[in-house]
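# A closer look at the structure
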Amino acid sequence: QARAQHKQLSAQPGFAVSARPIAMAAPMTDPVLAGASSNANVAKIAMQQQQKRTDVVEPQVISEDLLIRGVEEPVRHDGEPWEAIDFPNVTSLRLSWKNIIEVSNLNNFDCLTTLRLDNNIIDKIANLNHLKQLTWLDLSFNNIREIEGLDQLHNLLDLSLYHNQIEEIKGLDGCPKLNILSLGHNHINDLKQIDYLRKFQNLRCVCLDGNKVCQNDSYNQHVLAYLPTLKYLDYMLIDKKAVVQAQEGYNVDDLAEVKEREQVEASKVKGQKDKLKIIEKLKGSFLDATEDLFEELFSKDTEPEAVTVLTCYAPLREDFRDKLTEDIKALRTWMEGKNENRSKKVGGFEKSISKAEGESESEAFQMVRDFRSHKKKILSQIDREDNAALKPEMEAMITQLVDQLGGLENHLMANEIQLQESIFEAISDFEAKISETIKQMSEKGGEFFRHLEDLEKVFYTGLLEGSNSEIEAFAQSQEIATTDNDSNKARFLGNKEEMLQACQSFNEAHMTMIQTKQDYMEEQLKSWRNSFFERHRERQYHRNRQRVMDVKKVLDDCRAEINAASDVGDEYDENDGGGDAYGH
């Protein structure tokens with residue numbers, strides 16, 4: 001009965017659900033009306049049904065034959081089945097009712113958007129994350145116990161897990177665009193599990209019908225209160241007034257806490273995104289090593305507990321922070337200005353290279369067009385009778401045309417060589433200029449980190465002096481602290497060797513971090529310069545090879561046309577002059 005109802009609902013457009021049809025007995029003819037001949041038909045039907053009951057379908061994996069027969073879209077023009085080599089072009093695949101035991105062998109379906117695996121015996125969602133284009137996935141009527149294996153399906157809109165054995169709503173974080181979710185007839189019991197779906201802002205239709213959770217008296221109100229963006233619940237259109245009532249009257253305090261937590265989390269996520277944008281911008285100027293530098297120097301992982309009990313520590317740290325902030329601001333102002341100048345130079349260089357390539361190609365195109373026009377004119381003048389030799393003046397014209405083709409070849413190759421030499425010379429010249437800029441930026445970074453080392457020395461010296469003074473003062477004091485905080489302070493101030501060791505370790509950690517940051521900045525600058533010029537030289541190498549091949553192809557075609565015309569008179573290409581930019 002549940003499957004029949006589900007089947008009826010699945011016929012409605014927009015719902016990704018599927019169902020096993022109920023087996024129906026074959027209609028039988030009334031023997032009184034049909035006569036004696038009907039007895040044989042009844043016996044035949046009975047035997048067929050008995051045979052079906054003894055047939056057993058073995059579990060199977062997804063084979064190439066199943067895949068070929070399962071392709072739904074696109075349909076081939078000739079109506080023939082798709083071949084395995086064409087699987088990357090398939091967009092819709094149906095593998096329903098195949099007694100499939102596991103999801104596998106779908107590696108080549110790069111363009112798949114619709115996948116139906118309903119009415120099988122699959123017990124685990126797996127091997128689907130490579131289907132990046134998937135928007136509709138039907139796994140209804142299987143034996144799945146856990147929602148998993150969907151982490152990379154970022155484009156999934158419609159997911160049906162109807163009639164499985166799922167107990168918990170989870171594992172959907174990788175599907176932020178989810179629009180329709182069918183979880184009817186599973187083993188979901190707890191109303192709180194529904195709260196997980198609040199994060200899916202695009203969710204418009206949810207089906208939980210047939211789960212024990214639906215028997216809860218508060219089911220409808222809970223769903224409407226916690227999922228206010230829904231349009232359909234259990235395939236029924238939601239009344240907007242009911243949503244408002246649930247929002248205002250159901251679990252008001254708990255819902256307010258949930259919303260508050262979500263706002264805090266949203267603010268945190270926004271902050272992280274903004275931070276990433278800042279770091280990416282700083283990377284463009286080779287300055288990301290300076291972001292949160294103070295926080296890293298004085299993080300809990302770096303900061304020894306012993307120094308925190310010193311009275312002198314907080315003022316020394318704040319002085320360090322103020323001076324470091326000023327130095328970072330000065331460095332960024334200088335580096336960003338220098339980087340802006342570098343970017344302008346790079347843009348001008350790339351524009352000039354593109355212009356030189358364009359001018360050279362335009363000249364070559366025009367030369368080819370002129371020659372083909374001239375060739376067409378010459379070949380049109382060739383006139384001879386069948387099986388007759390060319391007239392001497394015609395032979396002279398052909399010979400002259402061949403010589404002109406040779407001249408065109410020499411000119412085109414000479415132009416390409418000249419262009420290539422000019423571009424490589426320009427790359428070398430620009431590399432020398434930009435290397436000077438990179439050197440200046442590296443030196444400026446070095447100055448910053450040397451000054452940072454000086455700040456660290458001042459901080460370390462002040463820390464040592466302050467700790468020695470406080471340790472001596474503590475030793476001379478006759479009072480014994482009684483509070484937990486004072487006891488902790490007494491423990492560290494009462495052990496001079498441990499305190500001095502902590503200060504020294506703190507200093508060494510700072511100096512190591514400073515050197516690491518400087519090495520990182522220098523490597524960034526060096527890596528950018530090397531990769532930039534390597535990329536341009538590699539591009540020119542491939543461009544030159546392609547250009548030479550194009551020129552050779554055009555010349556070979558022209559030579560073949562001339563030879564053909566000299567052999568068969570005026571039987572040459574009347575459409576000469578069309579085609580690509582070279583006239584091919």
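Up top you'll find the structure we're talking about.
The structure contained in this document is the topic of the report that follows. All of these numbers come straight from a predicted model, not from anything done at the bench. (Residues numbered from 1 in each chain as written. Predicted model: local features only at pLDDT ≥ 70, side-chain atom pairs only at ≥ 80, totals over all residues. Heavy atoms only, no water.)

Let us look at the overall build of the protein. Helix and strand counts for the protein stand at 12 helices and nine strands. The burial tally for the protein puts 37% of its 584 residues in the buried class. For the protein, contacts bridging at least 24 residues in sequence account for 59% of all contacts bridging at least 6. Roughly 33,500 Å² of accessible area belongs to the protein as shown, and the carbon and sulfur atoms make up 50% of that amount. (Helix = DSSP H or I, 4+ residues; strand = E, 2+ residues; numbered from the N terminus. Buried < 20%, exposed > 50% of the residue type's maximum accessible area, 1.4 Å probe, protein only. Contact = heavy atoms within 4.5 Å. Areas by Shrake-Rupley, 256 points an atom, 1.4 Å probe, with all protein chains shown as cover.)

Next up on the list: helix 5 (residues 219-226). For helix 5, the tally of buried residues reaches six of eight residues, placing the bulk of the element in the interior. Regarding helix 5, the residues found buried are Tyr219, His222, Val223, Leu224, Ala225 and Tyr226. Elements that come into contact with the buried residues of helix 5 comprise strand 8 (232-233), helix 6 (240-249) and helix 7 (252-284).

Turning to the nonpolar core, a few remarks are in order. Counting residues in hydrophobic clusters, the biggest one holds 61 residues, and the most contacted among them are Leu115, Leu128, Leu137, Leu150, Leu172 and Leu197. Of all elements in the fold, only helix 4 (64-70), helix 5, helix 6 and helix 7 reach the threshold of two or more residues within this core. For this core, the element with the most residues is helix 5, which contributes five residues. With near-sequence residues (within four places) excluded, Leu172 lies in contact with Ile147, Leu150, Leu159, Leu178, Leu181, Tyr196, Leu197 and Phe200. Within the second largest apolar cluster, 48 residues are counted, among which are Leu287, Ile427, Leu525 and Phe533. (Core = buried A, V, L, I, M, F, W, Y, C linked by side-chain atoms within 4.5 Å.)

Turning to unusual backbone geometry, a few remarks are in order. Between Glu73 and Pro74 the backbone carries a cis peptide bond, its omega angle lying at -10°. Mapped onto the fold, Pro74 is located in the loop between strand 1 (71-73) and strand 2 (92-94). Of note, Asn105 is a non-glycine position whose phi angle comes to about 60°, a positive value. With respect to the secondary-structure elements, Asn105 resides in the loop between strand 2 and strand 3 (114-116). One non-glycine residue, Phe141, adopts positive backbone phi at about 55°. Residue position: Phe141 is located in the loop between strand 4 (136-138) and strand 5 (158-160).

Our next topic: the side chain of Asn119. Position of Asn119 relative to the elements: it lies in the loop between strand 3 and strand 4. Reaching out from Asn119, the side chain makes a polar contact with the side chain of Asp118 at a distance of 2.7 Å. (Polar contact = N/O pair within 3.5 Å; in protein donor to acceptor, adjacent residues only side chain to side chain.)

Let us look at the environment of Lys275. Among the structural elements, Lys275 can be located in helix 7. On the basis of relative accessibility, which here comes to 27%, the residue Lys275 falls in the partly exposed class. Taking the C-alpha atoms as reference, Lys275 lies 9.7 Å from Glu291; in sequence the two are 16 residues apart. Contacts of Lys275, omitting those with residues within four sequence positions, involve Glu291 and Asp292. Engagement of the side chain of Lys275 in a polar contact is seen with the side chain of Glu291, the distance being 2.6 Å.

On to the pattern of salt bridges. Tallied over the entire structure, the rule returns 33 salt bridges. Between Lys275 and Asp292 there is a salt bridge; the shortest N-O distance is 2.9 Å. One end of the pair, Lys275, is in helix 7; the other, Asp292, is in the loop between helix 7 and helix 8 (293-297), with 17 residues separating them in the sequence. One salt bridge in this structure joins Glu409 and Arg559, with 3.5 Å as the shortest N-O distance. Of this pair, Glu409 sits in helix 10 (residues 392-476) while Arg559 is found in helix 12 (residues 496-568), placing the two residues 150 residues apart along the sequence. Here Glu409 falls in the partly exposed class, since its relative accessible area comes to 28%. Each member of the salt-bridge network shares a partner with another, and the members are Lys300, Glu303, Arg317, Glu318 and Arg321. (Salt bridge = Lys/Arg side-chain N within 4 Å of Asp/Glu carboxyl O.)

We now examine the packing of aromatic side chains. Enumeration over the complete set of coordinates arrives at 20 aromatic pairs. With 5.0 Å between their ring centres and 75° between their planes, Phe448 and Phe449 make a pair best called edge-to-face. In this structure Phe448 comes out as buried when scored by relative accessible area, which is 6%. Here the aromatic cluster, defined as three or more aromatic residues joined through ring pairs, consists of Phe294, Phe298, Tyr313, Phe320, Phe459 and Phe506. Here Arg342 stacks its cationic end above the ring of Trp528, 4.4 Å away from the centre of that ring. Between the NZ or CZ atom of Arg491 and the centre of the ring of Phe492, over which it lies, the distance is 4.1 Å. (Phe/Tyr/Trp six-rings, centres within 6.5 Å; stacked < 30°, edge-to-face > 60°. Lys NZ or Arg CZ within 6 Å of the ring centre and 35° of its normal.)

Note on placement: Asp234 falls in the loop between strand 8 and strand 9 (236-237). In this structure, Asp234 is buried with no salt-bridge partner, the nearest side chain bearing the opposite charge being Arg204 at 16 Å. At a separation of 2.7 Å, a polar atom in the side chain of Asp234 contacts the main-chain amide nitrogen of Leu208. If we ignore the near neighbours within four places in the chain, the residues touching Asp234 are Val206, Cys207, Leu208, Asp209 and Tyr219. (Lys, Arg positive; Asp, Glu negative; His and termini not counted.)

A sheet is described by the order of its strands in space; here nine strands give the open sequence 1-2-3-4-5-6-7-8-9, paired in mixed fashion. Lying at the two open borders of the sheet, with one neighbouring strand each, are strand 1 and strand 9. In this sheet, strand 5 lies alongside strand 4 in parallel orientation, the contact comprising three bridges. Its bridge partner lying in strand 5, Leu137 is registered against Leu159. (Pairing = 2+ DSSP bridges.)

The next subject is the packing of helix 9 (residues 313-380) against helix 10. Between helix 9 and helix 10, the least distance of the axes is 11 Å, while the angle of their chain directions is 180°. As the angle between them shows, helix 9 and helix 10 are arranged roughly antiparallel. Tallied by class, residues from the contact of helix 9 with helix 10 come to 37 nonpolar, 11 polar and 11 charged. (Axes fitted to C-alpha atoms, helices over the stretch in contact; angles between N-to-C directions. Parallel < 35°, antiparallel > 145°, perpendicular 65-115°, else oblique. Nonpolar A, V, L, I, M, F, W, Y, C, P; charged D, E, K, R; others polar.)

What follows is about the packing of helix 5 against helix 6. Between helix 5 and helix 6, whose axes approach to 8 Å, the crossing angle comes to 90°. Classified by the interaxial angle, the pair formed by helix 5 and helix 6 is roughly perpendicular. Residue-level inspection shows Gln221, Leu224, Ala225 and Tyr226 of helix 5 in contact with helix 6, the latter providing Ala242, Val243, Ala246 and Gln247. Considering only residue class, the contact of helix 5 with helix 6 consists of six nonpolar, two polar and no charged.

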